[in-house]
Amino acid sequence: MVGRMDVRRSHDGRVAHVAVDHDAKLNTLNPDLMRDFAATFAALGQDEGLRAVVLTGAGPRAFIGGADISVMAAVDSEAQGEAFIRLVHGCCRAVRDCPVPVIARVNGWCLGAGLEIAAACDLRIAADVAKFGMPEVRVGIPSVVEAALLPGLIGWGRTRRLLLLAETITAARALEWGLVERVAPPGLLDAAVEEWIDMLLEAGPHAIRSQKALIRRWEDLSITEGIAAGIEAFAASWKTEEPRRMLGGFMERKAKT
Ligand SMILES: C/C=C/C(=O)SCCNC(=O)CCNC(=O)[C@H](O)C(C)(C)COP(=O)(O)OP(=O)(O)OC[C@H]1O[C@@H](n2cnc3c(N)ncnc32)[C@H](O)[C@@H]1OP(=O)(O)O
């Protein structure tokens, strides 16, 4: 296989650090690597002790440089095109379906399918040297799958700038637009990721899983349907002991002060 997925654990196994490791080609995605990507997230999703995933790119140059153009250049029929784009969507869906928050640690180039995967993540933090863009139209194809999440992050006008003008933007601009939630110098990127991990680990694990699933549904539903789903999720929280324990703990601490 050209490229591989690298998975490590930290925080007593509760946090998975996943890297797309294809540094020589800016961590671009070929079909085998995309199958491995989706399978890696599906396997992590089975782990009930998992609390968070950090997704990054191997090496200093790229998060994910997009899909491998040499593979797409060999596509010769609509059926092959569909099979290829379904693999890209499969990676994004695997991230969205992962039951715990996935943080995109954007260490460098974040282009095309790579930006779609970043958009599928729950939180994005970028090195200040990272650059973002959707250059597909420059190679004769539209951006078609989780690019559909971009308007929710940055609005329709900025989405059009990325998709129609294929502008490349800096991390500072990505922060200003709301394409990422935080920017840090490369040397402080891991410390910033750790701060978010600590916040996730302090929260109720069932609540976080429920919240992620609900946000994902909200992205897909109208406001009315989304609120109805939220009411169901709130009631379902009491299927576990977590709200009793954590709400009760708050009341106990308050009574002591
Ligand atoms: C459905 C989804 C569609 C998509 O995702 S479309 C693809 C979107 N991506 C692109 O169009 C970006 C294409 N790449 C570039 O324009 C440049 O790279 C950069 C500006 C990002 C970086 O330039 P520099 O720093 O000079 O690096 P370098 O020498 O061009 O790249 C290192 C090696 O990586 C290969 N590579 C980079 N991007 C791709 C790609 N998307 N598909 C296949 N190969 C790629 C290069 O060719 C080269 O390889 P070698 O060292 O053998 O010459």
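Structure: above.
Residues numbered from 1 in each chain as written. Predicted model: local features only at pLDDT ≥ 70, side-chain atom pairs only at ≥ 80, totals over all residues. Heavy atoms only, no water.

J.: I'd love a proper account of the sheet that holds strand β3 (residues 52-57), names of residues and values included.
T.: What links the strands of a sheet is backbone hydrogen bonding, and the strands pair in either a parallel or an antiparallel sense. Taken in spatial order, the six strands line up as β1-β2-β3-β5-β7-β10 in an open sheet, and their pairing is mixed. The outermost strands of the open sheet, each flanked by one partner alone, are β1 (4-10) and β10 (182-184). Each adjacent strand pair in this sheet contributes to an overall mean axis angle of 20°, direction not counted. As judged from the seven bridges shared by β1 and strand β2 (residues 15-21), these two strands associate in the antiparallel manner. Among the inter-strand pairings, M5 is bridged to a residue of β2, identified as V20. (Pairing = 2+ DSSP bridges. Helix = DSSP H or I, 4+ residues; strand = E, 2+ residues; numbered from the N terminus. Axes fitted to C-alpha atoms, helices over the stretch in contact; angles between N-to-C directions.)

J.: Describe the site of the ligand, listing the residues and the values that go with them.
T.: The immediate surroundings of the ligand are formed by 19 residues, with G65, A67, D68, I69 and A113 found nearest. In isolation the ligand offers 970 Å² of accessible surface; the protein chains occlude 60% of this area. Going through the elements one at a time, α2 (69-73) and β6 (109-111) are the ones with two or more residues in the shell around the ligand. Among the residues forming the shell around the ligand, the class breakdown is 11 nonpolar, four polar and four charged. (Near = heavy atom within 4 Å. Areas by Shrake-Rupley, 256 points an atom, 1.4 Å probe, with all protein chains shown as cover. Nonpolar A, V, L, I, M, F, W, Y, C, P; charged D, E, K, R; others polar.)

J.: Could you give an account of the sheet that holds strand β8 (residues 131-133), naming the residues involved and the relevant values?
T.: Sheet architecture is open: four strands sit in the order β4-β6-β8-β9, paired in mixed fashion. A single partner strand is all that each edge strand has here, and the edge strands are β4 (62-64) and β9 (169-170). Pairing of β6 with β8 involves two bridges; the strand directions are parallel. Looking at β8, one finds that C110 is bridged to F132. Across the sheet, helix α4 (residues 113-120) is in contact with β4, β6 and β8; its angle to β6 comes to roughly 90°. (Contact = heavy atoms within 4.5 Å.)

J.: Pulling in residues and values, what's your account of helix α5 (residues 150-163)?
T.: Taking 1.5 Å as the rise per residue, α5 with 14 residues should run 20 Å; its terminal C-alpha atoms sit only 10 Å apart, a clear shortfall. Of all the bends found along α5, the most pronounced is centred on W156 and spans about 95°. Within α5, the full set of buried residues consists of L150, P151, I154, T159, L162 and L163. (Expected span 1.5 Å × (residues − 1). Bend = angle between axes of the 7 residues up to and from the residue. Buried < 20%, exposed > 50% of the residue type's maximum accessible area, 1.4 Å probe, protein only.)

J.: Which residues make up the packing of aromatic side chains, and what values do they have?
T.: Counted according to the given criterion, the structure contains two aromatic pairs. Aromatic pair F37 and F41: ring centres 5.0 Å apart, planes at 25°, arrangement stacked. Of this pair, F37 and F41 both sit in helix α1 (residues 31-45), four residues apart, which is roughly one turn of the helix. Of the residues examined, F41 reaches a relative accessible area of 1% and is grouped as buried. With centroids separated by 5.1 Å and ring planes inclined at 55°, the aromatic side chains of F234 and W238 adopt a geometry described as tilted. When its relative accessible area of 33% is taken as the criterion, W238 is described as partly exposed. (Phe/Tyr/Trp six-rings, centres within 6.5 Å; stacked < 30°, edge-to-face > 60°.)

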